[in-house]
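Inside the fold
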Amino acid sequence: IEDIIEKRFKKYKNFARIPTHLLNQNHHFIDHKTININPKSELAERIHKEWEILEKNLPSSIFVRASAERIDLMRAVIIGLEGTPYCHGLFFFDIFFPTTYPVTPPLIFYHSYGFDLNPNLHRDGQVSLDLLTINVSHSWWNCKRDSDEKQQWNPQESNIMQVLVSIQHKVLNANPYYCHKGHPQKSNKEVFRLNCQAMLVMLQPHMQFKQPHMQFKHLVQGHFRNRAHQILQIHKAEMKPDDDEEMNQLFIKLLNAFEDNGAYCGHYYPKALKERRSISNHR
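Criteria and thresholds
Residues numbered from 1 in each chain as written. Predicted model: local features only at pLDDT ≥ 70, side-chain atom pairs only at ≥ 80, totals over all residues. Heavy atoms only, no water. Salt bridge = Lys/Arg side-chain N within 4 Å of Asp/Glu carboxyl O. Helix = DSSP H or I, 4+ residues; strand = E, 2+ residues; numbered from the N terminus. Buried < 20%, exposed > 50% of the residue type's maximum accessible area, 1.4 Å probe, protein only. Core = buried A, V, L, I, M, F, W, Y, C linked by side-chain atoms within 4.5 Å. Domains from an automatic or database assignment. Contact = heavy atoms within 4.5 Å. 1 Å grid on protein atoms, 1.4 Å probe; cavity = no way out; pocket = protein on both sides within 12 Å on 5 of 7 lines; lining within 4 Å. Points joined across faces, edges and corners; volume = space filled by probe spheres on them. Nonpolar A, V, L, I, M, F, W, Y, C, P; charged D, E, K, R; others polar.

1. Some remarks on the pattern of salt bridges
Per the counting criterion, the structure on display carries 9 salt bridges. Its salt-bridge partner being E55, residue R17 comes within 3.9 Å of it at the nearest N-O pair. In this pair, R17 is assigned in strand β1 (residues 15–18) and E55 in helix α3 (residues 42–57), connecting sequence segments 38 residues apart. For D72, the salt bridge goes to R70, with nearest N and O atoms at 2.9 Å. Residue class for D72 comes out buried when judged on its relative accessible area of 0%. Each of D3, E6 and R225 takes part in salt bridges that share partners, so that together they form one network.

Take a look at the structure:
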């Protein structure tokens, strides 16, 4: 039997316009106000065109909420792709269109939750991507792959959907530290561990009432209920007999968080831990 969370999750749209007051609390760019945008201005027309592109073409793993009144503001969630250490993770971004848009690219802020899990997504919220630069020589993205050419911002051709898809595929990729030899290195296993720790933060009950989760509460709840088993299976595959206690404890914390979120995961518990949890739940 479907409950209200599952019903809302199934109906959740990839793109929607929402009242400004639902988006402006704690939006990183709320003070970067583009004053009195003329509805007939080139900026307004371009942003409305961006809305149309997003509504028609967003992939199923990217979600965007646009402000109906403050049309210069957006917030996006990107789901990490399978085959990467970011798989099934949720990544939140605040977006702002300056008055110079599209001559200059949009401003993007990444909600890191204090985790350093990608050399191009900085803990302070900075996003390093060639597509967000006008002069590619100043980009942080300095890796040239065999089939990958750098792509800088082009006012006539570039758009926000390309930016979001580029973040998903080029930044949240299968080997994030491969091209960053000067950056402190992390293994994919370590990145996945950090990804799981970020999931725990997002699943804390009080987080659904905080930004940036408020507009995506039903997405967060439904997504982790839906993906709980895949995440746990990947975690189990990453665990080795000689793993430290931290990985083992993280597995148990994920189990508890997913069950508290409505997913049945009891069969993953070792017998002793299952009995301990059962006793704890009946106190």
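Further notes follow.
2. Side note on the nonpolar core
Among the nonpolar cores identified, the biggest contains 75 residues, and V64, F93, V163, I167, F224 and F258 are the most heavily contacted of them. Of all the elements, helix α5 (residues 188–202) adds the most residues to this core, at 9 residues. No fewer than three residues from each of domain 1 (4–171) and domain 2 (188–281) sit in this core. With sequence-adjacent residues up to four places away left out, V64 is seen in contact with N14, F15, A16, L54, L58, M74, R75, A76 and L164. Core analysis: the second largest hydrophobic core is formed by 6 residues, I18, L23, L73 and F96 among them.

3. Section: empty space enclosed by the protein
All told, the structure shown has 2 cavities of 30 Å³ or more when counted by the stated rule. Approximately 60 Å³ is the volume attributed to the second largest cavity. Listed by contribution, the elements that provide at least two residues to the lining of the second largest cavity are β4 (90–96) and α5. For the lining of the second largest cavity, the class distribution of residues is 9 nonpolar, 3 polar and no charged. Each of two domains, domain 1 (4–171) and domain 2 (188–281), supplies a minimum of three residues to the lining of the second largest cavity.

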